[in-house]
Structure formats: C-alpha cells, structure tokens
Amino acid sequence: MDENQTEVVREFALAGFSQKPSIEAGLFVLFLFFYVSTWLGNVLIMVTVASDNNLNSSPMYFLLGNLSFLDLCYSTVTTPKLLADLLDKNKLILYDQCIAQLFFLHFVGAAEMFLLTVMAYDRYVAICRPLHYTTIMSRGLCCVLVAASWMGGFVHSTVQTILTTRLPFCGPNRVDNFFCDVPPVIKLACADTFVIELLMVSNSGLISTSSFVVLISSYTVILVKIRSKEGRQKALSTCASHLMVVTLFFGPCIFIYARPFSIFSVDKMVSVLYNVITPMLNPLIYTLRNKEVKSAMRKLWGRSGLPWKKQRP
C-alpha cells in the first residue's frame, strides 16, 4: 500500500437520492425553487438592511444582515452541486473538491451557530437592559462578535478537515449522501476511526448541543426576568422568530453530529432540512413577523418605482 494512502482514492461517488431520471427531474425543479428563493429572500434582507438607516444602525438588524449572508454561503456550499448531480448519472466529486466542500460546510455552519448565539445575547440585552442597550451593543462590539463567529467557525472547520485528511482512503468511495460531510466520508477510511470519530463527535456535537442549550437558556432567563404579562408577551413576540430559526437549524445538526457516526446511518431528509430548506425559511420567518423590516421593504420598493400592494392590518 502506498505510503500516502489518501492519494489512492482520487474521487468519490455521491449516492444522491434516486437513480430514476423522472424522480430526479422533479427533485431538480423543487430544489432549484428552494435555492432561488434562498437567494432572493436573503439578498432582499441584506439590501433592505443596508439601504435603511434605521435598520442599519440597529445591532439586531446588523446581525440579521450577517445571518442572511451566512445563509447564502451555507446553501451555496452544497445546493449547486446537488442540482448538477440531479441532471447527471455519474455523481462524482474529486477528492480535493470533497474536502473543500466539507471544510466550507463546517466553516459557515459553525459560524452561523455562533452568530445565532450572539443574536440571542443581543435580544437579552435589548429586553432585560433596554436603557443600556445602545451602549452595550455598540457597532464596534457587534463587529467584534461577528468576526469572532467567523473565526470560531474557521477553527472548528480546520480541526474537522485536518482530522479527515489524515485518514487513509484506499477502497470504497461511495459517499452515502448528496454532499461530502464528516459522517459519511470517514466511514470510507481504510483504518480504525474510533478515536478520530470520538474527537469529531466531541467537537461538532459539543458545539451544536452547547450552543443550543445556551440559546434556550438565554430565552428562558429573558422570560423569567420579565414580570409583567404585557412585557412577557412582547418578549415572546420578539424572540419567537429566533426560537423558530434556532430549532430548525440546531435540531438537525444535533441529530447528525451528536451521535456516533459509524453506528447510525445519515438521514438524507434531515440533511436536506438544514442544508437546503432552513436557509430559505430564515428570511421568511424574520420578515413575516417583523413590522420594521416589512416597512423598510415597502420604502425600498417604493424607491424602485414599482407599486407595493398595501396589506390589511
């Protein structure tokens, strides 16, 4: 066997969803709709926040704009390749491309986890310390927290990628998913992966689970600290969209990464949920429940010269 065994396997075959062209043609149309909707929704939020002075100066919407950018990046890591493979019988991906996809998937995914945690802290300060909100959540601190989220994602992804590339791949090359990720890829290694799998589960599983616990705990603290019924209802209204995003994103991640990879098979529908559907739903969840964003969109639409159908109150 070659000394550098990772060079033996030069490409992987992605399992995809089905070998029937009629089914894959329907899935192509469906996922293309999801991807286009993801781009339109998230770009609209980014442009709206950037063009409105009130939103752009607010820490909450500054973070929301960054979340939309991360959703775009996250969806783009896997969906274009998925769409191309639905039209191709040979769903192949080069080894280097597979590792790159794995790296950017965890890079952007972990950065989004950290950013959602930052957004929960922002809501805590806004609701529990409203008089000091603008002082605490200054633009400088927001930029530092966003940069820290990206840096945390980079460190996490680098660890995952290094552990994966150190494994020898010299035999099976069929990845049981529609993209390259840690669980299905390390199953193909020609070596005992118990220790590395334990490290990866500790890394990804710990980050996703601990972030989710911190987020839920922060919202619980917010509700406990608010005594009045009116204030609690307002807090629930403000945090409801965040809780929906958190549940949709962290639930599948914990299900995939916080359990032994070799024992459980990868659920492709769960992968579709957090890779394709959740980035599309985020802008809908935030805008449909947010009067300020909808008002800013109406102004933006009005400046474009196109009529906006006024909704009934």
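- Per an unreviewed UniProt entry, the recorded name for the protein chain is Olfactory receptor, and the organism is Myotis myotis.
- Among the UniProt annotations of the protein chain, the heading Sequence similarities (unreviewed entry) holds the following wording: "Belongs to the G-protein coupled receptor 1 family."
- Of the comments in the UniProt record for the protein chain, the one headed Subcellular location (unreviewed entry) reads "Cell membrane".

1. Some details on the pairing of strand S1 (residues 11–14)
Logical step 1: Only one face of S1 is buried: it carries Phe 12 and Leu 14, and the other face, with Glu 11 and Ala 13, is open.
Logical step 2: Note: S1 against strand S2 (residues 92–94), 3 bridges, orientation antiparallel. The residue of S2 that forms the bridge with Phe 12 is Ile 93.
Logical step 3: In this structure, S1 lies alongside strand S3 (residues 174–175), joined through 2 bridges in parallel fashion. Bridging across to S3, Ala 13 finds its partner in Arg 174.

2. Considerations on the state of the cysteines
Logical step 1: Taken as a whole, this structure holds 2 disulfides when the rule is applied.
Logical step 2: Between the sulfur atoms of Cys 170 and its disulfide mate Cys 190 the distance is 2.3 Å. A residue pair is termed long-range when its members are at least 10 positions apart, and Cys 170 in the loop between helix H6 (139–165) and S3 and Cys 190 in the loop between helix H7 (182–186) and helix H8 (194–225) qualify at 20 residues.
Logical step 3: Assessed through its relative accessible area of 24%, Cys 170 is described here as partly exposed.
Logical step 4: Once the bonded cysteines of the protein chain are numbered in order along the sequence, the disulfide links fall as 1-3, 2-4.

3. Remarks on the packing of aromatic side chains
Logical step 1: Under the counting rule described, the total for this entry stands at 17 aromatic pairs.
Logical step 2: Judged by centre distance (6.1 Å) and plane angle (35°), the ring pair of Phe 12 and Tyr 95 falls under tilted. With Phe 12 in strand S1 and Tyr 95 in helix H4 (residues 95–128), this residue pair connects regions lying 83 residues apart in the sequence.
Logical step 3: Overall, the relative accessible area of 0% leaves Phe 12 in the buried class.

4. A short note on the side chain of Asn 66
Logical step 1: With respect to the helices and strands, the residue Asn 66 is situated in helix H3 (residues 59–86).
Logical step 2: In this structure Asn 66 comes out as buried when scored by relative accessible area, which is 19%.

5. A look at the sheet that holds S2
Logical step 1: Across the sheet, which stays open at both edges, the 3 strands sit in the order S2-S1-S3 with mixed pairing between neighbours. With one partner strand each, in any of the chains shown, S2 and S3 form the two edges of the open sheet.
Logical step 2: Relative to S2, H4 is tilted by about 85°, and along the sheet it contacts S1 and S2.

6. Considering H4
Side chains of residues three or four places apart in an α-helix project in the same direction, reflecting 3.6 residues per turn.
Logical step 1: Over its 34 residues, H4 extends 50 Å from the first C-alpha to the last, a length consistent with the 50 Å expected when each residue adds 1.5 Å.
Logical step 2: Of all 34 residues making up H4, 25 are buried, and the element is well covered by its neighbours.

7. Some details on the pattern of salt bridges
Logical step 1: Applying the stated criterion across every chain, the model contains 3 salt bridges.
Logical step 2: Notably, a salt bridge pairs Asp 85 with Lys 81, separated by 3.2 Å at the nearest N-O pair. On the criterion of helical spacing, the pair formed by Asp 85 and Lys 81 is a turn pair, its members being 4 residues apart in helix H3.
Logical step 3: Judged by its relative accessible area of 5%, Asp 85 is buried.
Logical step 4: Lys 81 gets classed as partly exposed once you look at its relative accessible area, which sits at 21%.
Logical step 5: The shortest N-O distance in the salt bridge between Arg 123 and Asp 122 comes to 2.9 Å.
Logical step 6: Assessed through its relative accessible area of 1%, Asp 122 is described here as buried.

Basis of the calculations
Residues numbered from 1 in each chain as written. Predicted model: local features only at pLDDT ≥ 70, side-chain atom pairs only at ≥ 80, totals over all residues. Heavy atoms only, no water. UniProt positions renumbered as here; feature names shortened; annotations may be inferred. Buried < 20%, exposed > 50% of the residue type's maximum accessible area, 1.4 Å probe, protein only. Helix = DSSP H or I, 4+ residues; strand = E, 2+ residues; numbered from the N terminus. Pairing = 2+ DSSP bridges. Disulfide = S-S within 2.5 Å. Phe/Tyr/Trp six-rings, centres within 6.5 Å; stacked < 30°, edge-to-face > 60°. Contact = heavy atoms within 4.5 Å. Axes fitted to C-alpha atoms, helices over the stretch in contact; angles between N-to-C directions. Expected span 1.5 Å × (residues − 1). Salt bridge = Lys/Arg side-chain N within 4 Å of Asp/Glu carboxyl O.

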